[in-house]
Amino acid sequence: QLVLLAGPMLSMIDSSVVNVAVPVIVTDLHTTLATAAWALSGYLLGLACGLAASPWLARRFGTVPAYQAALAGFVLASAACALVPSVGLLIAARVVQGLLGAPMVPLAMGLLLGRDGAARTMPPSAGIMLFAAPALGPALGGLLIGAFGWRSVFLINVPVGLAALAGLRRCRRARGGPGGDPAARLDLPGLALLSAGLGLATYGASLGPSHGWLSAASAPAWLGGLALLGGYLLWYRGGPGRARGVRPAVNLSVFGAPRRALTLALACIASVVLFSVLFLAPVYLQDIQHRTAAVTGLALLPQGVVMGLASWLGSAAIERGRARPAIIVGSVVGGLALLAVATLSMLLLGPATPVWASAALFCGRGVALGLTVQPLVMELVGDLPGDKLPDANTLFSITERLSGSFGIALLATYYAQRVRITGLPIAAFHDCVLVLAAASAAGALAALGLRRGTMGTPPE
């Protein structure tokens, strides 16, 4: 399990670790802050564009070989990031790193879930490591930069990745099974529409808070990206490639049933509320309390660990829910309701609140999300046949990324507007907390609709 978790962990950590390195990169590579920020944006764009290829890679080469190749490429790109002499080459290496890191999460999810059909489960250790990873990035980055310089945040990926690759060789021999289908053909038009749409939409959303959502810089990008994604939907429905025996880049039918669509929407709400704290915590701890980036990361880390530990409760709900599906529904509804209450508790945070108290309040959210996320993910993919798992994992990652990009960008826009109106950053922070609590409460009410269907029934 550790070797399968290494790739997703490195990919997730690298999406946030550069946040604390940007100021140092500006000085060391003699560039501007706006240019250096592309070291982060380029990686996120690469992640968005590379996701759509995951199902075809799994079909064509086999899940383990595809994951192994993606991890090896990610390690090489990380080494390149650590050795580049200029900011232009750093940005290029980061885009490549994102493209190669994108397939690792859906491919690893497929391997962790296995081929056990309705008995499929996500190991609790996976919950701990994957939930802690986003919070670990800023803390790890701050410690490494202070001790060894900014290049170490990329160089650390090399020994970890090489160790995982060595373990993967044994995993590949142990798993055996088919190595892929050499006859699997690539849906090139569909892949182009999806990749370009995800990249443009993500880019446009990232510019929305700073340039304005209807500005010439932002609007053409996010509107064009959504239009391309709509174009993929038309392409998928028309199915011109299927007449030639070409499977669609990502099969949308796996979540076509209303029950699965609702579950996917709830998973996206939980993800947005989860990752929004990666925006709000630096605003609160660094801009309002004037803490360092390392302290910010350390304050977030307990939430991730608690969330992972709470995933054991989610696993217990899944196991009991095989006989009584209402238990899983109760876990989701209760988890989202608890998330609303735990998020509301962040209204207690103020400019003088001790860091330990802030971390403790964040941990309440961790318990709620641990009860919610794992049952939702398992409800989405737990009973799917093995041949649909790569599409399901990829579609989940795509919708999670899109909802996260737009949700957090809209929240950042709202925060900036409230600061301009009130003149008080802490008041704007509290307003954002109210929005997230309302979203969680709405999700809890919507989750009651899951009782109308029978969760865990065979996929449509």
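It should be noted that the structure appears before, not after, this text.
Numbering of residues begins from 1 in every chain and follows the order in which that chain's sequence is written. Local features in a predicted model are, by the rule used here, given only for residues with pLDDT of at least 70; side-chain atom pairs are given and counted only at 80 or more, and totals for whole chains, interfaces and linings are based on all residues. The basis for the side-chain values is all heavy atoms of the structure; hydrogens and waters are excluded.

(A) How the structure looks around helix α4 (residues 38-50). Secondary structure counts use DSSP, requiring at least four H or I residues in a row for a helix and at least two E residues in a row for a strand, with both numbered from the N terminus. The span you would expect from a helix comes to 1.5 Å times its residue count less one. With 13 residues, α4 should cover 18 Å at 1.5 Å per step; its first-to-last C-alpha distance of 17 Å lies within 8% of that length. Restricting attention to buried positions, one finds in α4 the residues A39, L40, G42, Y43, L45, G46, L47, A48 and G50. Buried residues are those whose accessible area, probed at 1.4 Å on protein chains only, stays under 20% of the maximum for their type, while exposed residues exceed 50% and partly exposed ones sit between those limits.

(B) Highlighting the side chain of S195. Within the element layout of this structure, S195 appears in helix α12 (residues 188-211). Take S195: its relative accessible area is 13%, and that puts it in the buried class. Any N or O atom pair separated by 3.5 Å or less is treated as a polar contact, with the protein-specific requirement of one donor-capable and one acceptor-capable atom, and with residues adjacent in sequence counted only for side-chain atom pairs. A distance of 2.9 Å separates a polar atom in the side chain of S195 from the backbone oxygen of C49.

(C) The packing of α12 against helix α19 (residues 389-422), seen in detail. The axes used here are C-alpha line fits, helices contributing only the stretch in contact, and every angle between their N-to-C directions lies in the interval 0 to 180 degrees. Two elements in contact, α12 and α19, have axes separated by 7 Å at closest approach and are oriented at 15 degrees. Classified by the interaxial angle, the pair formed by α12 and α19 is roughly parallel. Between α12 and α19 lies a crossing whose hand is left-handed. Between α12 and α19, the residues in contact are L198, A201, T202, A205, G208 and P209 and I398, L402, S405, F406, A409, A412 and T413, respectively. Residues of the contact of α12 with α19, tallied by class, amount to nine nonpolar, four polar and no charged. With respect to orientation, any angle under 35 degrees is reported as roughly parallel, any angle over 145 as roughly antiparallel, any angle of 65 to 115 as roughly perpendicular, and every other angle as oblique. For any pair of crossing helices, the crossing counts as left-handed if the nearer helix is rotated counterclockwise from the farther one by less than a right angle, and right-handed if it is rotated clockwise. Only heavy atoms matter for contacts: two residues are in contact if any of them lie within 4.5 Å across the pair. By the convention adopted, Pro, Cys, Tyr, Trp, Phe, Met, Ile, Leu, Val and Ala count as nonpolar, Lys, Arg, Asp and Glu as charged, and the other residues, Gly among them, as polar.

(D) Main features of the packing of aromatic side chains. Only Phe, Tyr and Trp rings take part, Trp by its six-membered ring, and two of them pair if their centres are within 6.5 Å. Stacked means planes under 30 degrees apart, edge-to-face means over 60, and tilted covers everything else. Tallied over the full model, the rule gives eight aromatic pairs. Counting every residue linked through ring pairs, the aromatic cluster contains W213, W222 and F406.

(E) Up close: the nonpolar core. Counting 99 residues, the largest nonpolar core has Y67, L71, F255, V381 and F429 as the members making the most contacts within it. Tallying contributions element by element places α19 first for this core, with eleven residues. Once residues within four sequence positions are removed from consideration, Y67 is found in contact with V3, L4, L5, A6, G7, P8, M104, L107, A108, L111 and L168. By nonpolar core is meant a set of buried Ala, Val, Leu, Ile, Met, Phe, Trp, Tyr and Cys residues that side-chain atoms within 4.5 Å join together. Ranked by size, the runner-up nonpolar core spans 25 residues in total, among them V17, A39, V87 and F154.

(F) The arrangement of unusual backbone geometry in detail. Here H30, not a glycine, exhibits a phi torsion of approximately 55 degrees, which is positive. With respect to the helices and strands, H30 occurs in the loop between α2 (22-28) and α3 (33-36).

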